[in-house]
Amino acid sequence: MENFSLERNGANVVLHISEDLDHHAAAQISKTIDVLIEKGNVKNVVFDFSGLTFMDSSGIGMVMGRYRKVHYFGGNVFVTGVGSGIDRIFSMSGLYKIVQKV
């Protein structure tokens, strides 16, 4: 069962993630977004975490990996809907140094 959905707006992709972001979900999301980025028609990736209830370290790796990939092609990564628990994980891991919160 997929716990994410994509929304395209030109060269921007908004990824809505619900429930858990664990190793299995992170692998699915990474694969899906990487295909879009590698086609060269994605400039910015926005992760919407408003429906997220749990994230482990694989979620951090997924965000970092997508940042590296989209940044290589001149794009940016943004996060929105970050709850207090996830915000703490992002702050402690240093993710806010590479991704912008909107």
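To be clear, the structure that these remarks concern was listed above.
What comes next is a walk through the structure. Please read these numbers as outputs of a predicted model, since none were measured by experiment. (Residues numbered from 1 in each chain as written. Predicted model: local features only at pLDDT ≥ 70, side-chain atom pairs only at ≥ 80, totals over all residues. Heavy atoms only, no water.)

1. Structural notes on the overall build of the protein
Stage number 1. Summing up its helical and strand segments, the protein has 3 helices and 5 strands in all.
Stage number 2. From first element to last, N terminus to C terminus, the protein shows the α and β order β-β-α-β-α-β-α-β.
Stage number 3. Rg of the C-alpha trace for the protein: 12 Å, near the compact-globule value of 13 Å for 102 residues, within the 12% margin.
Stage number 4. Reported as C-alpha extents along the three principal axes, the dimensions of the protein are approximately 35 × 30 × 20 Å.
Stage number 5. Split into buried and exposed, the 102 residues of the protein put 41% on the buried side.
Stage number 6. Pairs at least 24 residues apart make up 67% of the contacts formed inside the protein by residues separated by at least 6 positions.
Stage number 7. Working note: accessible area of the protein is about 5,500 Å², and carbon and sulfur atoms make up 53% of it.
Stage number 8. The positive charge centre, built from 10 side chains, and the negative charge centre, built from 10, are 10 Å apart in the protein. (Helix = DSSP H or I, 4+ residues; strand = E, 2+ residues; numbered from the N terminus. Rg over C-alpha atoms; globule rule 2.2 N^0.38 Å. Buried < 20%, exposed > 50% of the residue type's maximum accessible area, 1.4 Å probe, protein only. Contact = heavy atoms within 4.5 Å. Areas by Shrake-Rupley, 256 points an atom, 1.4 Å probe, with all protein chains shown as cover. Lys, Arg positive; Asp, Glu negative; His and termini not counted. Charge placed at Lys NZ, Arg CZ, Asp CG, Glu CD.)

2. Considering the sheet that holds strand S3 (residues 44-55)
Stage number 1. Pairing in this open sheet of 5 strands is mixed, and the strands run S1-S2-S3-S4-S5 from one edge to the other. Looking along the sheet, the strands with just one partner apiece sit at the ends: strand S1 (4-9) and strand S5 (100-101).
Stage number 2. In terms of strand pairing, S3 meets strand S4 (residues 76-80) through 5 bridges, oriented parallel. Residue pairing in the sheet places Val46 in a bridge with Phe78 of S4.
Stage number 3. Packing against the sheet, helix H2 (residues 57-72) makes contact with strand S2 (12-21), S3 and S4, and its axis sits at approximately 180° to S3.
Stage number 4. The strands touched by helix H3 (residues 84-93) are S3, S4 and S5; relative to S3, the strand with the most contacts, the crossing angle is about 120°. (Pairing = 2+ DSSP bridges. Axes fitted to C-alpha atoms, helices over the stretch in contact; angles between N-to-C directions.)

3. Considerations on the nonpolar core
The tendency in soluble globular proteins is for nonpolar side chains to be buried as a group.
Stage number 1. Grouped together as the largest cluster of nonpolar side chains are 29 residues, with contacts concentrated most on Ile17, Leu21, Ile29, Phe47, Phe49, Val63 and Phe90.
Stage number 2. Broken down by secondary-structure element, the contributors of at least two residues to this core are S2, helix H1 (23-38), S3, H2, S4 and H3.
Stage number 3. A total of 6 residues in this core trace back to one element, the largest contributor, which is H1.
Stage number 4. Those residues in contact with Phe49, other than ones at most four positions away along the chain, are Ile17, Leu21, Val63, Val79, Thr80, Gly81, Val82 and Phe90. (Core = buried A, V, L, I, M, F, W, Y, C linked by side-chain atoms within 4.5 Å.)

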